[in-house]
Each structure stands twice: as structure tokens, then as C-alpha cells.
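Commentary on secondary and tertiary structure
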Amino acid sequence: MSIQTPKERSKVTISTIKSMKSIEPIVMITAYDALFAKIFDESVDIILVGDSLNMSFMGKNDTLSANMEIMIYHTKAVCSGAKSALIVLDMPFGSYTNEDIALKNAVDVYRKTDAHAVKIEGGKERANIIKRLCENSIAVMGHIGLMPQFVRSEGGYRVKGKDTQSVNSLIEDALAIEKAGAFAIVVEGVKSEAAKAITKAVKIPTIGIGAGVHTDGQVLVWSDAFGFFEDFKPKFVKEYMSGAKLIREALFKYASEVKKREFPDREHTY
Ligand code: KIV
């Protein structure tokens, strides 16, 4: 276990992440602001500015209405807070509909933020886009399996890799993305054995979410992991704290003390 104290931490680079495959599990979490990014930076390898912010931060039902302006705004905030972790901006729905649009938007990410890489949802059908970005010196993380940006066209959130055909198709996706130049792949909502086969098939690290223990790393959405998002709880989410409950208790205490004129007391008064 090599979680380092903040002072000891060295900058995580694309090469660091690639070198961790099969050696040390990669820890990735989402963040959307500087405050949390600064805390997470102490013990994670990658911070993803996920378009999941559209659900947990903006309160929408899916990720589809996130746009480049929103993603760049939140990435700038995360970059202000995190100094060691590798920062990845999640390219939002509609921002990579063809190679030229993807390149224009990804170049904007590098110009306007300090993010180290972008993430793109899609398998073999988007390998050409990943290739074009990589040829233009933009680091790309792939994302296969359950892809939240395609939830409407696919008719819902469905676990993948349940039969041989599906597993083979996922492996083809992973290999196509690797060949296109991606440095890592998020594998979401995939049966554990399928994720194991994908991880074995590629030389770049796989980072799982709802994909079992055999991937090279794990990612969770922070508001799920810490019990702040209460609308629904997928099976794969482990709550490491009851965030919403703790906030409610603290808020109730603050509100009661204000009502009773117990706050501010002498200690907190000039
Ligand atoms: O948007 C997001 O947070 C993601 C993770 C679930 C991987 O894409």
C-alpha cells in the first residue's frame, strides 16, 4: 500500500498510470470543485471531472445536457485544488460527434485548463476520433461498456458482457481504443469475468466502475462514495461515509443554535 502523505506526493503523469498496470491498483475518483479536489488529491492517482456532475451537481436526470462550457468551468476549479493527481476532463455528449469537432473541443480543453487528458465514451466506432486526438498530442482515456451518454439511444442503463458475443465485442472495443492511442480505459457496468478478459487483452490499464475486482483500478463518483447522492444507489456503489446524514445533523445543530441565540457565542465574536 503506497498511499503517500501530501508532502511526499510526486506528480502523477500519463507514464505513471501506464506503468501501474498489473503492479499497483489505480485509484480514481470524480471531483467538480477545488475544495474537494484538494482533499482527494492527497490520496488518489486520477481525478476525473466527470459529466456525472450534471446529475449529482446540477440535479438533472442524466448526463446529456452537460456541455463544454460547464466541463471547462469545473475542470478549472479542480485544477486549482489538485496539485499531484492526473486530471481528466470528461468530454460531454455532442462534443466529439466527428474528428474535427472532437479535436477543436479537446484543443480548447488544453488551452483553457490544466487538465492532462480527456475521456471519450465509445468503442471501435469512435477509435478514429481517439486516434485523431492522440495524433495531435492530446492524451485520451477511453470508456467502454455501459456508457451513460448513450443511455437514451441504448434504451436504458444495461450491464454488458453477459454472453460470449458481448464479451468479444467489448474486447474488440478495448483493443481498438488501445491501438488508437488511448493511455487507459474506463470499463463501466460490465460482468466481472468480462472485465477480467478485457484487462488481460490490453496492455493499457483498465479502470472499473461496476466491473468487479479484476480491473487495474477503480473509479467512483464522489457523491456516491461518500453518501451524498440519495436519489438512487446502484449495486456497485459502496458508501464510505454517510455524507448527507452527517450534513443534516450538523446543519440541524447550527440552525438550532441560531434559533436559540447560542451561536455566535463569546469564542466566535470580535
Ligand atoms: O461521468 C463520470 O463520472 C464517469 C465515471 C462514472 C467514470 O464517467
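Above: the structure in question.
Taken together, the residues surrounding the ligand are Thr30, Leu48, Gly50, Asp51, Ser52, Asp90, Lys119, His143, Val186, Glu188, Ile209 and Val221. Here an oxygen atom of the ligand and a side-chain polar atom of Asp51 are 2.9 Å apart. For the ligand, an oxygen atom lies 3.0 Å from a polar atom in the side chain of Asp90. Taken by itself the ligand offers 260 Å² of open surface, and the protein chains cover 96% of this. Among the residues forming the shell around the ligand, the class breakdown is four nonpolar, four polar and four charged.

In this section: helix 6 (residues 127–135). Turning to helix 6, its buried residues are Ala127, Ile129, Ile130 and Leu133. For helix 6, the buried positions fall inside an angular range of 160° around the axis, keeping them on one side. The elements touched by buried residues of helix 6 are helix 5 (99–112), strand 4 (117–121), strand 5 (140–145) and helix 7 (164–180). Downstream of helix 6 by one or two residues, Ser137 has phi in the positive range, about 65°.

Right, let's talk about a nonpolar patch on the surface for a bit. Among the surface-exposed residues, Ile247, Leu251, Tyr254, Val258 and Phe263 lie close enough to one another that they form a single nonpolar patch of about 480 Å² accessible area. Inspection of the secondary structure puts Phe263 in the segment after helix 10 (243–259).

Attention shifts here to the nonpolar core. Formed by 60 residues in total, the largest nonpolar core has its most connected members in Ile47, Met91 and Leu133. The element best represented in this core is helix 7, accounting for seven residues. Residues in contact with Met91, not counting those within four places in the same chain, are Met68, Tyr96, Ala102, Asn105, Ala106, Val109, Val118, Lys119, Ile120 and Gln149. One finds Ile17, Val88, Ala139 and Ala184 within the second-largest nonpolar core, a separate group that totals 18 residues.

Look at helix 5 against helix 6: their axes get within 9 Å of each other, and the N-to-C directions meet at 45°. Taken together, helix 5 and helix 6 sit at an angle that is classed as oblique. In this structure, helix 5 crosses over helix 6, and the sense of that crossing is right-handed. Of the residues in helix 6, those touching helix 5 at Glu99, Asp100, Ala102, Leu103 and Ala106 are Asn128, Ile129, Arg132 and Leu133. By residue class, the composition of the contact of helix 5 with helix 6 is five nonpolar, one polar and three charged.

Rules used in this analysis
- Residues numbered from 1 in each chain as written.
- Predicted model: local features only at pLDDT ≥ 70, side-chain atom pairs only at ≥ 80, totals over all residues.
- Heavy atoms only, no water.
- Near = heavy atom within 4 Å.
- Polar contact = N/O pair within 3.5 Å; in protein donor to acceptor, adjacent residues only side chain to side chain.
- Areas by Shrake-Rupley, 256 points an atom, 1.4 Å probe, with all protein chains shown as cover.
- Nonpolar A, V, L, I, M, F, W, Y, C, P; charged D, E, K, R; others polar.
- Buried < 20%, exposed > 50% of the residue type's maximum accessible area, 1.4 Å probe, protein only.
- Helix = DSSP H or I, 4+ residues; strand = E, 2+ residues; numbered from the N terminus.
- Arc of directions from axis to C-beta.
- Contact = heavy atoms within 4.5 Å.
- Patch = residues over 30% accessible without salt bridge, like charges linked within 9 Å, V, L, I, M, F, W, Y side chains within 5 Å.
- Salt bridge = Lys/Arg side-chain N within 4 Å of Asp/Glu carboxyl O.
- Core = buried A, V, L, I, M, F, W, Y, C linked by side-chain atoms within 4.5 Å.
- Axes fitted to C-alpha atoms, helices over the stretch in contact; angles between N-to-C directions.
- Parallel < 35°, antiparallel > 145°, perpendicular 65-115°, else oblique.
- Left-handed = near helix turned anticlockwise from the far one by under 90°.

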